[in-house]
Amino acid sequence: MNSANGAQPVIDMRDATKTYELGDVKVEALRGVTFAIMPGEYVAIMGPSGSGKSTLMNLLGCLDRPTAGHYLLDGTDVSTLGDDALAHIRLKKLGFVFQGFNLLARTSALKNVALPLFYAGVGTRTRNDLAARQLQEVGLGDRVDHKPSELSGGQQQRVAIARALVNDPAVVLADEPTGNLDSQTSEDIMGLFETLNDGGRTIIMVTHDEDVASHAKRIIRVRDGRIVDDQATARG
Ligand code: ADP
């Protein structure tokens, strides 16, 4: 799976399965998925409802473990880690962007962005400096003291993106990041993702929108718990 220059994949999913047991009924949400993602890639994951995208995203995000198979995140096999170790690796290695932004409502943009640093034990001053710099980077340097209700949807998603980046994660995971945005604002956010990827950020995004997915450089398509297609886009 390694590329010619010998770099190590940041995501290495090996025959991962996920079976949910509901009483006597077993639901095979993932039936053995294998793929690798190299640092600096920008990948969209697509598939119809019920195909296993959320289940795969939960595995990628270390919110759940595969039933069988392995998942190596930045070289660490996380498939068998306990809850505390998973939470720790999530904080260190991953940044999350959600459809609904998931910002703390009564808290300033600066403090929202600084939150992962607080959990990581970073002191107040450094936290605020890093958060301010990150807000600057997503174009919100003049909105640090605004609360989410004082920001547009696109600005709120920028705050969430700054929060996802502030820990300098190995991978940014975005779950329908434009799902709550109008088409012009979606384009703006996709433009920001492109800029971040051009700067070297590794991005994985789940979307059902072909236009949104076409901004990525590679699309992995899932159906019935399996990968059915994995190809570079025109941008790839
Ligand atoms: P998608 O995100 O593509 O809509 P999901 O990963 O949510 O797909 O679901 C894949 C399959 O797994 C579906 O059949 C769904 O009903 C089932 N499933 C998802 N989560 C659970 C769960 N917690 N318990 C039982 N079945 C689940």
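Just above, that's the structure.
All values reported here derive from a predicted model rather than from experimental measurement. (Residues numbered from 1 in each chain as written. Predicted model: local features only at pLDDT ≥ 70, side-chain atom pairs only at ≥ 80, totals over all residues. Heavy atoms only, no water.)

A. Region of interest: the sheet that holds strand β5 (residues 76-77). With antiparallel pairing, 4 strands are arranged side by side in an open sheet as β2-β1-β4-β5. Edge positions in the open sheet fall to β2 (25-37) and β5, since each of these has one partner strand only. Inspection of the sheet shows strand β4 (residues 68-73) paired to β5 by 2 bridges, in the antiparallel sense. Of the residues in β5, the one forming a bridge with L73 is T76. (Pairing = 2+ DSSP bridges. Helix = DSSP H or I, 4+ residues; strand = E, 2+ residues; numbered from the N terminus.)

B. How the structure looks around the nonpolar core. Counting 38 residues, the largest nonpolar core has L135, V159, I161, F193 and M205 as the members making the most contacts within it. Elements that contribute at least two residues to this core include exactly β3 (42-46), α3 (109-119), α4 (124-137), α5 (153-165), β7 (171-175), α6 (183-198), β8 (203-206) and α7 (210-213). Once residues within four sequence positions are removed from consideration, M205 is found in contact with Y42, V43, A44, I45, A174, P177, M190, F193, V212 and A213. Counting 28 residues, the second largest nonpolar core, distinct from the first, contains V10, V43, Y71 and L94. (Core = buried A, V, L, I, M, F, W, Y, C linked by side-chain atoms within 4.5 Å. Buried < 20%, exposed > 50% of the residue type's maximum accessible area, 1.4 Å probe, protein only. Contact = heavy atoms within 4.5 Å.)

C. Here's a closer look at the layout of surface pockets. Counted as a void, the largest pocket has a volume near 400 Å³. Along the walls of the largest pocket sit 15 residues, with L91, F96, P116, Y119 and R163 positioned nearest its centre. Elements supplying a minimum of two residues to the lining of the largest pocket: α2 (83-93), β6 (94-97), α3 and α5. Here the residues of the lining of the largest pocket are counted per class, giving 10 nonpolar, 3 polar and 2 charged. Lining the second largest pocket we find 14 residues, and of these T178, S186, D209, D211 and V212 sit closest to its centre. Ranked by residues supplied to the lining of the second largest pocket, first place goes to α6 with 4 residues. Its residues assigned to classes, the lining of the second largest pocket comprises 3 nonpolar, 7 polar and 4 charged. (1 Å grid on protein atoms, 1.4 Å probe; cavity = no way out; pocket = protein on both sides within 12 Å on 5 of 7 lines; lining within 4 Å. Points joined across faces, edges and corners; volume = space filled by probe spheres on them. Nonpolar A, V, L, I, M, F, W, Y, C, P; charged D, E, K, R; others polar.)

Worth remembering: the numbers are spatial, not functional.
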